[in-house]
Structures are given as C-alpha cells and as structure tokens.
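Overview (structure and organization)
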Amino acid sequence: MTQWLSGVASIRPALWPESRESSTAVGRSVAAEVAVCQVCEGPTHARFALCYCCRVLVRQLKMPLVPMVAVADYRIGDALHRRLRGYKDAPVAEARRNCVAQLISLLDSWMEASGPQLRRRFGSGWDVVATVPSSHRPSGAPFDAVVSAVRALDGLHRPVLVRGPAPTGHLAADRRGFALGPEVDRDWLRHQTVLVVDDSVVTGARAQSAAAALRLGGARVAGVVAVGRVVAQKVGGRVSLQSPVPPSTARTASALAVG
Ligand SMILES: [Zn+2]
C-alpha cells in the first residue's frame, strides 16, 4: 500500500509561464525554434501557434479549442501518476481514500493560490464547474469526490455532462463524445460560463470533446483545468509525447481562439 502514499512532497505544481523562463532546460538554439502552444502550453514549433496534438483536435472537432492548464506535470510511474491511478484503481479502499485526499490537497491549495492567474489566462471567471465523465464507468465519476472537496470548485459543481454516443480517446476527439444530461436546463446553460475540470490530460482529446459538447449546448467554456499532465520521457531512446517546456511567449485571451 505504501507505494500509493509515498513521495507527496515530490509533486511540484506547475509554474506559471512567466516563471518558466528561468527554469527551463531548453538551450538557446533549440528555444529559437520552440514556442508554447497557445491552447495547452506544451511545446510546439515556433511556426505554429498550436502543438501537433491541438492541431489534430481542432480538425477533429471543427472548432477552436479552449485553453488548458495543468496543476502539475507528471511522468509515468512517478508519485503524481500513482495518485492519479490510485484514487480510482487502488485495490484497497484505504489507499483509494488516501489518494483522493492527496489530490484534494493538491488541487485545493493550487486553486486558492492560482485563482487570479487562472482567470487572467482564461480571460474570465466561471459560474459552473463540470467534470469530464469517465470513459469506463457508467456512472459516478470518482473525480467528482475530489472536486466536491475543493473549496474553490465545490459550490459551483454541476453534473451537466454524460457520455455521448461517439468514443473519445488518445488523440481522438469527437463532438459527440459527450452530451448534456437529460435534466440540464438548456436555457439556463446558455447563460453560464463553465470551467471544465479533469484529473489528467495526455493529448486533451477528452477534455476538449467535453468542452465542445458544452459549447454546442450553448454554454461559454472558460477553459480546462487538469490536475496532471503527462510529459515526455525517453523510452528505448525514443522521446514520447512532450519535450521539456520551452520559454513561454506572451499570450492573450484572443489568441487562444485559434482555429
Ligand atoms: Zn497544444
């Protein structure tokens, strides 16, 4: 059980872009060609406003994406990754509860400290918090237990989304991946700004599909907050997913609506 509990201190919340410049490990020659994706803040070639994954998602969804922010980056097998798996899948209930408690602590303290920066990044606040329904569970998203205990989110949390008829997954977004729940008042939703919250993102396909369903239902979506975002690691000499975050570029709210 201890493997689910160790290493809390090693989870370092993500730095905001203005703080990243001094901490980056990217060299000058590489940095000259690398920029930050205006949607997900991952690395992209300087020629592109969006990274490869976000460009694919735009084509699949046929609409601009909403900005995404991750509380912390993780690598497969590290402490945060174990918690993000353990809160759902740990075989012992006590271990699951401990993982939930640690994710609550991480998200709660980050939201308290970063609320103003988050609103600036998204260009607005929000009236409603929506979680992304699970791909594997027919009902009762475990992440709802985390969100319901985070002070900045709980009072605004509404179960507005359900799974839709189309599958979503790794780099596979779909407008019909999620749908509004049957009890959701469409007239009410049209006057709401929604914050989408998810446990972790890899390509952002599921979170952006959820945001698309809300927008197609008439809501405004401020953006997506994920507790964790996976970053690259060398696997057999190959770098998978993302390389280290490069120096940031200035972003504006209007620049985020890049199609
Ligand atoms: Zn991106």
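Here, every reference points to the structure presented above.
Keep in mind that this is a model prediction, so the values were computed, not measured. (Residues numbered from 1 in each chain as written. Predicted model: local features only at pLDDT ≥ 70, side-chain atom pairs only at ≥ 80, totals over all residues.)

Remarks on the packing of helix 5 (residues 79-89) against helix 6 (residues 93-122)
Where helix 5 contacts helix 6, the two axes come as close as 7 Å, and the packing angle between them is 130°. The pairing of helix 5 with helix 6 is recorded here as oblique in orientation. As helix 5 runs across helix 6, the sense of the crossing is left-handed. Across the interface between the two elements, R83, G86 and Y87 from helix 5 touch A95, R96, C99, V100, Q102 and L103 from helix 6. Residue composition of the contact of helix 5 with helix 6, by class: five nonpolar, two polar and two charged. (Axes fitted to C-alpha atoms, helices over the stretch in contact; angles between N-to-C directions. Helix = DSSP H or I, 4+ residues; strand = E, 2+ residues; numbered from the N terminus. Parallel < 35°, antiparallel > 145°, perpendicular 65-115°, else oblique. Left-handed = near helix turned anticlockwise from the far one by under 90°. Contact = placed C-beta atoms within 7 Å. Nonpolar A, V, L, I, M, F, W, Y, C, P; charged D, E, K, R; others polar.)

With respect to the pairing of strand 7 (residues 193-201)
Summarising burial for strand 7: eight of the nine residues are buried, a large majority. Assessed by its sense of winding, the connection that carries the chain from strand 7 through helix 9 (residues 205-216) to strand 8 (residues 220-230) is right-handed. (Buried ≥ 20, exposed ≤ 12 C-beta atoms within 10 Å, placed from the backbone. Right-handed = clockwise from strand over helix to strand, strands pointing away.)

Observations regarding the sheet that holds strand 8
As summarised here, the arrangement of the four strands in space is 3-8-7-4, forming an open sheet in which the pairing is parallel. At either end of the open sheet lies a strand with only one pairing partner, and these are strand 3 (68-74) and strand 4 (128-131). Each neighbouring strand pair of the sheet contributes to a mean axis angle of 20°, computed without reference to strand direction. In the sheet, strand 4 pairs with strand 7 via four bridges, with the strands oriented parallel. Within the sheet, the bridge partner assigned to V128 lies in strand 7 and is V194. On top of the sheet, helix 6 reaches strand 3 and strand 8; it is set at about 140° to strand 3, its chief contact. (Pairing = 2+ DSSP bridges.)

Description of helix 9
The end-to-end C-alpha distance of helix 9 is 16 Å, a good match for the 16 Å that twelve residues give at a rise of 1.5 Å each. Counting buried positions along helix 9 yields ten of twelve residues, so the element is predominantly enclosed. Positioned one or two residues after helix 9, G218 has a phi angle of 110°, which is positive. (Expected span 1.5 Å × (residues − 1).)

Considerations on unusual backbone geometry
The phi torsion at E41 lies on the positive side, around 70°, for a residue other than glycine. Examined against the element boundaries, E41 turns out to sit in the loop between strand 1 (34-36) and strand 2 (43-45). Of note, the phi angle at K62 is positive, near 55°, even though the residue is not glycine. Since 10 C-beta atoms lie within 10 Å of it, K62 is described here as exposed.

Regarding helix 6
Under the 1.5 Å per step criterion, the end-to-end length of helix 6 is only 36 Å for 30 residues, more than 12% shorter than the ideal 44 Å. At S114, helix 6 shows its maximal bend, which comes to roughly 70°, and the proline P116 appears one to four places after that position. Within helix 6 the residues assigned to the buried category are A95, C99, V100, Q102, L103, L106, L107, W110, L118, R121 and F122. G123 lies just past helix 6 and shows a positive phi near 80°. (Bend = angle between axes of the 7 residues up to and from the residue.)

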